[in-house]
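Structural characterization, general
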Amino acid sequence: MLEGPETGTVSSGRPQVNDTDLVPRVPVQHHRRPPADMVREAEAFAQRMAQRRSVRDFASDPLPDGVVEAAIRAASTAPSGANVQPWRFVVLTDPARKRRLREAAEAEERAFYDRRASPEWLGAIAGLGTDWRKPFLETAPAVIVVFEVHQGPHSPKPYYVKESVGIAVGLLITALHHAGLVTLTHTPSPMRFLNEVCERPAEERPYVVMPVGYPTPDAHVPDLPRKPLDEIMIRW
């Protein structure tokens, strides 16, 4: 159950909230639209998101000032367990820092592909043409490394951490696409080297690496179909 403190809903091990502990209330900012407008907006948004693809070929062109910050602000509006907001977004733009990231990630990825990956996993991704080489970590103008923030000297105990951070990353991907940028979710295995590269404390645990930028003029992506709605949605 992923709910903020404003709901008053609790489960075992979570801090209880009652009527005397409630945080200040503000009016809900909501404008009810005509049904036809709602359907049209939802369809337009679905079509726009259908154009989103994970890209591995990045141009080195710089990004407009403020665009990454605005996308992260959007991500930070995600709901989180007990409203702890257990996420950290580290933005790497320094070439030397990105080079360190690439070198460390490729070392782990080479070992993963050569020794640790199961035959089933290698078979599942064989058609995608991926390997241990990760040049996009250096060529993309920005790389966002997302961390889960666990309990530490300066951070409280979080609740439903992976669910909360996962929702925030989904919003981040959406915001970047909406702004006209492309990205990729990269999860090297293991990822603890990211704490050193990003100079983050032990209570922050790497979640995903996201290069951000523009695709190269000749960038291509696999022609992968999405499942139709009748395969993913059930209505009772």
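Anything mentioned here points back to the structure above.
Heads up: these notes are all about the structure in this document. (Residues numbered from 1 in each chain as written. Predicted model: local features only at pLDDT ≥ 70, side-chain atom pairs only at ≥ 80, totals over all residues. Heavy atoms only, no water.)

**Comments concerning the packing of helix α1 (residues 35-50) against helix α6 (residues 161-178)**
How we decide: To obtain each axis, a line is fitted to C-alpha atoms, and for helices this fit is confined to the stretch in contact; angles are then taken between N-to-C directions over 0 to 180 degrees. Every helix listed is a DSSP run of H or I at least four residues long, and every strand listed is a run of E at least two residues long, numbered separately from the N terminus. Each angle is binned into one of four classes, with values under 35 degrees roughly parallel, values over 145 roughly antiparallel, values of 65 to 115 roughly perpendicular, and all other values oblique. Here, residues are in contact when the closest pair of their heavy atoms is within 4.5 Å. Residue polarity is assigned by list, with Asp, Glu, Lys and Arg as charged and Ala, Val, Leu, Ile, Met, Phe, Trp, Tyr, Cys and Pro as nonpolar; anything else, Gly included, falls into the polar class.
It is the contact of α1 with α6, at a shortest axis distance of 10 Å, that shows an interaxial angle of 90°. Considering the angle they form, α1 stands roughly perpendicular to α6. Of the residues in α6, those touching α1 at Phe45, Arg48 and Met49 are Thr174, His177 and His178. Tallied by class, the residues present in the contact of α1 with α6 amount to two nonpolar, three polar and one charged.

**Focus: the packing of aromatic side chains**
Applied cut-off: Aromatic contacts are taken between Phe, Tyr and Trp rings whose centres are within 6.5 Å, Trp giving its six-membered ring; a plane angle under 30 degrees counts as stacked, one over 60 as edge-to-face, and the others as tilted. Relative accessibility decides the category of a residue: with a 1.4 Å probe and only protein chains considered, values under 20% of the type maximum give buried, values over 50% give exposed, and everything between is partly exposed. Should the NZ of a Lys or the CZ of an Arg lie within 6 Å of a ring centre and within 35 degrees of the ring normal, that charge is described as sitting over the ring.
Considering all chains together, one arrives at one aromatic pair under this definition. Note on Phe112 and Tyr113: the rings are 5.8 Å apart at their centroids and 85° apart in plane angle, and the pair reads as edge-to-face. Per residue, the accessibility class of Phe112 equals that of Tyr113, and both read buried. Across the ring face of Trp132, the terminal group of Arg110 is positioned such that the distance to the ring centre comes to 3.8 Å.

**Quick look at the environment of Pro156**
With respect to the helices and strands, Pro156 occurs in the loop between β2 (142-149) and α6. As a C-alpha pair, Pro156 and Pro86 span 70 residues in sequence and 8.9 Å in three-dimensional space. Those residues in contact with Pro156 that lie beyond four places of it in its chain are Val84, His150 and Gln151.

**Observations regarding the pairing of strand β4 (residues 204-213)**
Here is the rule we go by: A pair of strands is labelled paired if DSSP reports no fewer than 2 bridges between them.
The buried fraction of β4 is high, at eight of 10 residues. The pairing of β2 with β4 spans eight bridges and is antiparallel. Within the sheet, the bridge partner assigned to Val146 lies in β4 and is Val208. Examined bridge by bridge, strand β3 (residues 182-183) and β4 share two bridges and lie antiparallel to one another. Bridge assignment links Thr183 to a residue of β4, and that residue is Val212.

**A look at the pattern of salt bridges**
Operational definition: Here, a salt bridge means any Lys or Arg side-chain nitrogen found within 4 Å of an Asp or Glu carboxyl oxygen.
Applying the stated criterion to the full structure yields 13 salt bridges. For Arg99, the salt bridge goes to Glu103, with nearest N and O atoms at 3.0 Å. Note that Arg99 and Glu103 are positioned in helix α3 (residues 95-116) at a spacing of four residues, about one turn of the helix. Among the ionic contacts, a cluster of salt bridges with common partners joins Arg99, Arg102, Glu103, Glu106 and Glu138.

**Considerations on α6**
Let me state the cut-off plainly: How far a helix is expected to stretch is found by multiplying one less than its residue total by 1.5 Å.
The end-to-end C-alpha distance of α6 is 26 Å, a good match for the 26 Å that 18 residues give at a rise of 1.5 Å each. For α6, the elements touching its buried residues are α1, α2 (67-75), β1 (87-92), β2, β3 and β4. Downstream of α6 by one or two residues, Gly180 has phi in the positive range, about 95°.

**Topic: a nonpolar patch on the surface**
The cut-off we apply is this: Think of a patch as exposed residues, more than 30% relative accessible area, with no salt bridge, where like charges cluster within 9 Å and nonpolar side chains (Val, Leu, Ile, Met, Phe, Trp, Tyr) cluster within 5 Å. Where accessible areas are quoted, they stem from the Shrake-Rupley method and a 1.4 Å probe; at the residue level, only the protein chains shown are allowed to cover.
On the surface, Leu229, Ile232 and Met233 cluster together to form a nonpolar patch covering roughly 320 Å² of accessible area. The residue Leu229 is located in helix α8 (residues 229-232) in this model.

**Description of the sheet that holds β2**
Read from one edge to the other, the open sheet built from four strands follows the order β1-β2-β4-β3, with strand pairing classed as antiparallel. What marks the edges here is a single partner per strand, and that holds for β1 and β3. Where α3 meets the sheet, its contacts fall on β1, β2 and β4, and the angle it forms with β1 comes to roughly 115°. Packing against the sheet, α6 makes contact with β1, β2, β3 and β4, and its axis sits at approximately 10° to β4.

**Brief notes about unusual backbone geometry**
Following Ser189, the chain continues into Pro190 via a peptide bond in cis, with omega recorded as -5°. Structurally, the position occupied by Pro190 is in the loop between β3 and α7 (193-198). In this structure, Gln85 takes a positive phi of about 55° despite not being glycine. Tracing the backbone shows Gln85 in the loop between α2 and β1.

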